[in-house]
Amino acid sequence: MPQRTPSQTVGPYFAIGLTRESQNEIVPGGAVRISGRVLDGGGEPVPDAVVEISQQSGDGTLWGRCGTDAGGSFEFVTEKPVAAAREAPSLDLMVFARGLLKHLVTRLYFPDEAEANSTDPVLSALDPRDAATLVAEQSDGTLRFDIHLQGDRQTVFFAV
Amino acid sequence: MGEDVAVSAPLDEIDPPLDYPDYRSTALRAPKRPLVVAPDGFRDLAGPVFGGDDVGELDHDLTRQHSGEPLGERITVSGCVLDEDGRPVRNALVEVWQANAGGRYRHDGDRHPAPLDPNFSGAGRTLTDDEGRYEFVTIKPGAYPWQNHPNAWRPAHIHFSLFGRAFSSRLVTQMYFPGDPLFELDPIFQSVRDPKARERLIAGFELGLTQPEWALGYRFDIVLRSTPFE
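Residues numbered from 1 in each chain as written. Chains lettered and ligands numbered in written order. Predicted model: local features only at pLDDT ≥ 70, side-chain atom pairs only at ≥ 80, totals over all residues.

> For this particular structure, what's the right way to read unusual backbone geometry?
Outside of glycine, negative phi angles account for most residues, and trans bonds account for most peptide bonds. Phi is positive for Arg86 of chain A, close to 65°, though the residue is something other than glycine. At Asn151 of chain B, a residue that is not glycine, the phi angle is positive and equals roughly 55°. Looking at the secondary structure, you find Asn151 of chain B in the loop between strand S6 (144-146) and strand S7 (152-154). (Helix = DSSP H or I, 4+ residues; strand = E, 2+ residues; numbered from the N terminus.)

Next comes the structure, spelled out in structure tokens:
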């Protein structure tokens, strides 16, 4: 059987190949606006990361991607997904950057789903402090979701 | 960390470790805390599906995106995208980007004092066919210096991004050219610790794929993580 091809970093110049056109409207005109920053271990913004979001829907997997700007910020427009049975609604994220030899996988949960979040099998199995890194914050109609690559507030990343 | 799922989960021996000090940019970016074992459903999630609308007719040909032809050694890079069970991955979106023949990217952040080529943007994309095959026409990229350590040079490479059937089959990697003297000195290539796995990042030169009087042919097969469905 063939053996898997290893991962390598996306490097600093992916923008010429991956983010030439805007692809961050997962659901055009959707009611959910997500905004966040990617931050390194020194708390500095990461200006050369790309974030991808996948979400399951009745029409298959919806997807979008956004490169971070000079301030490390990314932004998406979508709708809240329908949750699978016994789970809280969530979005699946990937983070690629120079310095990451393999992309990171994390998940975004919604702050207005406290009850569903409290019984979600993934969130509830985490230490509450870690679980909190996966719940976005509501701020002026926008969901804030900062991704901390390192440090005390490191976001939970999953091995997939 | 909670006790149920938050078991330390090292990456397998195929992918490079996230924390790899020889590659300096990992220092402030690679997570220091262990990855958390993904819940069962994660690996099985379907990936996005792409179609003909996502790819232009000439997007696979990096030598025909401008009024003139780029300088450099014209090559084709082709191969199959398979999963670990040997099944072709059909309709996979394959995106590539690369430096020009002089080792310069068309990117504001690239300060290497080598010339830009007005006839080369350095990006392409295509979809695999029913047998999982893809092909790009391009020019061989040059090696270039970077700031990782004194007199550091990257071996010539083409960046690849692939979407398989599943969320978990997503792959971003780099393809190298056979016989490059910089392999031993490159921490990004060496970050893949298994020599056999490293070999799989190197394209093969094939006379059979080489088109007489036109272009050298390189073969690069890519194997994605198998999917539980399909």
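Now that the structure has been shown, we can carry on.
> What is the right way to read the interface of chain A and chain B from this model?
As a measure of interface size, the accessible area lost when the parts come together is often cited. With 53 residues of chain A at the contact, the number on the chain B side is 66 residues. Elements represented by at least two residues in the side of chain A that touches chain B include exactly helix H1 (15-18), strand S2 (49-57), strand S3 (60-67), strand S5 (90-97) and strand S10 (158-159) of chain A. Among the residues making up the side of chain A that touches chain B, the classes are represented as 28 nonpolar, 17 polar and eight charged. In this structure, S10 of chain A lies alongside strand S1 (residues 36-37) of chain B, joined through two bridges in parallel fashion. Residue Phe158 of chain A lies in a different strand from S1 of chain B, and its bridge partner there is Val36 of chain B. (Contact = placed C-beta atoms within 7 Å. Nonpolar A, V, L, I, M, F, W, Y, C, P; charged D, E, K, R; others polar. Pairing = 2+ DSSP bridges.)

> Looking at this structure, I do not really get the nonpolar core. What am I missing?
One recurring pattern in soluble globular proteins is that nonpolar side chains are buried together. By size, the foremost hydrophobic cluster in this structure holds 88 residues, and its most contacted members are Val38, Val51 and Val95 of chain A together with Val81 and Leu162 of chain B. In terms of residue count, S5 of chain A provides more of this core than any other element does, five residues in total. In this view, Val81 of chain B contacts Pro88, Val89, Ala92, Val94, Thr128, Gly132, Tyr134, Leu162, Ile222 and Leu224 of chain B; residues no more than four positions away in its chain are not counted. (Core = buried A, V, L, I, M, F, W, Y, C linked by C-beta atoms within 7 Å. Buried ≥ 20, exposed ≤ 12 C-beta atoms within 10 Å, placed from the backbone.)

> Explain the confidence of the model for chain B to me, please; I cannot follow it from the model alone.
Reading fine detail from the predicted coordinates is not recommended where pLDDT is low. All names here are of chain B. Per-residue pLDDT for chain B averages 92, and the proportion of residues at 70 or more is 93%. Taken as a whole, residues 1-9 scores under 50 in pLDDT and shows 21 contacts with residues more than four places along the chain or in a different chain. Model confidence for the complex: the whole-complex pTM is 0.96, and ipTM, which rates the interface, is 0.96. (pLDDT = per-residue confidence, 0-100.)

> Explain the sheet that holds strand S9 (residues 171-176) of chain B here, please?
Residues and elements named next belong to chain B. The four strands are arranged S4-S3-S8-S9 in an open sheet whose pairing can be described as antiparallel. Every interior strand has two partners, whereas the edge strands, strand S4 (123-127) and S9, have only one. Across this sheet, the average inter-strand angle for adjacent strands is 20°, counted without regard to direction. (Axes fitted to C-alpha atoms, helices over the stretch in contact; angles between N-to-C directions.)

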